[in-house]
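Summary of the model geometry
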Amino acid sequence: MAQTGNLPKGVPAPNETLGYQIIRWAQTYIVQPDGDSAGEPWKFTPEQLKFVLWYYAINQDGTWKYAAGTLRRAKGWGKTPLLAALAIVEFIGPCRFSHWDETGMPVAKRVPLPVVQLGATALDQTQQTLDMIRGMLSESPAEKEYGLEISKSMVQFKSGKPGSISPKATSGRTNEGNRPTFIVMDEVHHWVSSNGGPDFYQVLKRNVEKTTLAGSRWVATTNAYNPNEDSVAQQVHESDMVTQGFWLYDCLEGSIEVEGIRNEEQVRAALIEAYGDAHWADINGLTKTILYDRTTPDSTYCRFFFNQIAESSDGWMSKAEWDACEGVNDIKPGEQIAIGFDGSVRGDGTALVGIRLHDAKLFTLGQWLRPEHAKDDWEVDVLSVEAAVKRAFETYRVEWMYADPPWWQENIGRWAVEWGDDYVFEFWTNKPTRMVQAVERFRTAVMVGDLSHVGEPEMTRHVLNAVVREVPQGDLIVKDSPRSKRKIDIAVAAVLALEARADAIADGRLQIKRRRVVGF
């Protein structure tokens, strides 16, 4: 099997982990939540057992070997049931080091005040895990033994004793200050900037780190992520905490190349690898789907069924391509530049992007993006935009400016009067023939390295957010859906900036005039 995480080979010895005690406890006190064996004692699969044993591995002083853990597996492998079982263990099971017995074996104890949180970017996303927990506890030995009150929204003690399993969703600073003893983060490949996922992850992580000396930790599950989205799944995978072995990362990938996705034998073999001992996975059905269902992009099959990191197939730009164009920010006042402007008033953002004439280096002159939780009457600060345009013309030698007119025609007209109608021009992005050509030129410039950028995170995010929409004239760039919160305004402004640069150079404006010194 293709283990590509840092999960060690074999299993830890009994004196190196609390996992054996936890496994025995779980198989005694909780039950199978569904299926033909519903109500029977809970059983871990061999791969789940191995993850539990390593996740609860300890050092000689009783501290955790791993400060956190992530389970990246194919869709339908059984990640959510495993997390549900661990949430129950952390709530009422023996899951903290107590002492060494006379034979040198570790003895586990319960958490004194267990606060187990199920984290998600929306409350309804926690429901699957919570339902699984309820199914494992309802009419189980644990329900009576520990006096549990199991409701639709949380699990707590009937006696009123402090402690609970409850959901937590993104809500900004309201989550600051909590002191959880264990956090479950499910499906973190969906935790992206547009839904506040990365910020929420940081809040949860800060909260649990307050009590790490007492053994508090987090565990996450994910499918393979799209590297263009900068999700929490990607941030965790690329963290030095994983590469240095401080966080456990368990991942099985199917071994298959893109060209093999049309080969039945290779597809079946890769699925068997990716699903490991998940005997319930319908390998035959999945094989047929991948071979013959062309309504789903191959990149989706790679991510969700082969557990391979893959970019969205309709993405305009790959992260690797864009990152290869990054350079230092050496833009200086007084240099010749061209400008692209993409404006909005309420729904989308507004962006002002500059590009240096002599080497096509992009940089942001201003951005006005609608905040995540903005009120319905939020509008772009027009005066701030006006000031940024004025500052750009005063700071640099602006040779050409292309501006998208909708909502801003009056402003653009005023800029043309103030700075010259041979310097400020309209560029209608809703005219496909011209925009298709501009998009293609930008894409080609990136591919061959004819442009660069200064590595601004927001510009990168907008470029990678853009997806391709085919029209009769060619390819345009758009958001992934009309109501998507993943903005592309800076990307559009960058395309206009490159067009402005090309036309400025074609007009002969790159020729720097030399001043003649006259003596008397």
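Report follows, based on the coordinates.

Conventions used here
- Residues numbered from 1 in each chain as written.
- Predicted model: local features only at pLDDT ≥ 70, side-chain atom pairs only at ≥ 80, totals over all residues.
- Heavy atoms only, no water.
- Axes fitted to C-alpha atoms, helices over the stretch in contact; angles between N-to-C directions.
- Helix = DSSP H or I, 4+ residues; strand = E, 2+ residues; numbered from the N terminus.
- Parallel < 35°, antiparallel > 145°, perpendicular 65-115°, else oblique.
- Contact = heavy atoms within 4.5 Å.
- Nonpolar A, V, L, I, M, F, W, Y, C, P; charged D, E, K, R; others polar.
- Expected span 1.5 Å × (residues − 1).
- Buried < 20%, exposed > 50% of the residue type's maximum accessible area, 1.4 Å probe, protein only.
- Arc of directions from axis to C-beta.
- Polar contact = N/O pair within 3.5 Å; in protein donor to acceptor, adjacent residues only side chain to side chain.
- Core = buried A, V, L, I, M, F, W, Y, C linked by side-chain atoms within 4.5 Å.
- Salt bridge = Lys/Arg side-chain N within 4 Å of Asp/Glu carboxyl O.

1. With respect to the packing of helix H15 (residues 432-448) against helix H17 (residues 489-506)
At their nearest, the axes of H15 and H17 sit 9 Å apart, and the two run at 90° to each other. By the angle between their axes, H15 is roughly perpendicular relative to H17. In this structure, H15 contributes Arg-434, Met-435, Ala-438, Val-439, Arg-441, Phe-442 and Ala-445 to the contact, and H17 contributes Val-492, Ala-494, Val-495, Leu-496, Leu-498, Glu-499 and Asp-503. For the contact of H15 with H17, the per-class residue count stands at ten nonpolar, no polar and four charged.

2. Remarks on helix H9 (residues 264-275)
Think of an α-helix as turning once every 3.6 residues; residues three or four places apart then point the same way. With twelve residues, H9 ought to run about 16 Å at 1.5 Å a step, and its terminal C-alpha atoms sit 16 Å apart, in line with that. Residues Val-267, Ala-270, Leu-271, Ala-274 and Tyr-275 constitute the buried set of H9. The buried side chains of H9 occupy one side of the element, clustering within an arc of 120° when seen end-on. Those residues of H9 that are buried are in contact with helix H2 (46-55), strand S11 (247-253), helix H10 (283-292) and helix H11 (298-304). The distance from a side-chain oxygen at the start of H9 to the backbone nitrogen of Glu-265 is 3.0 Å, and the residue carrying that oxygen is Asn-263.

3. Some words on the nonpolar core
Within the largest apolar cluster, 73 residues are counted, with the highest numbers of intra-cluster contacts made by Tyr-56 and Tyr-275. When near neighbours in sequence (up to four residues on either side) are disregarded, Tyr-56 contacts Thr-17, Leu-18, Gly-19, Ile-22, Trp-64, Leu-86, Val-89, Glu-90, Cys-95 and Arg-217. Core analysis: the second largest hydrophobic core is formed by 41 residues, Trp-322, Ile-355, Ala-466 and Ala-491 among them.

4. Re the pattern of salt bridges
Enumeration over the complete set of coordinates arrives at 21 salt bridges. Its salt-bridge partner being Arg-96, residue Glu-90 comes within 2.8 Å of it at the nearest N-O pair. Each member of the pair, Glu-90 together with Arg-96, is buried. Of the charged contacts, one joins Arg-461 and Glu-458 as a salt bridge, the two residues approaching to 2.8 Å between their closest N and O atoms. Of this pair, Arg-461 and Glu-458 both sit in helix H16 (residues 457-465), separated by three residues, roughly a single helical turn. Relative accessible area serves as the criterion here: at 22%, Glu-458 is assigned to the partly exposed category.

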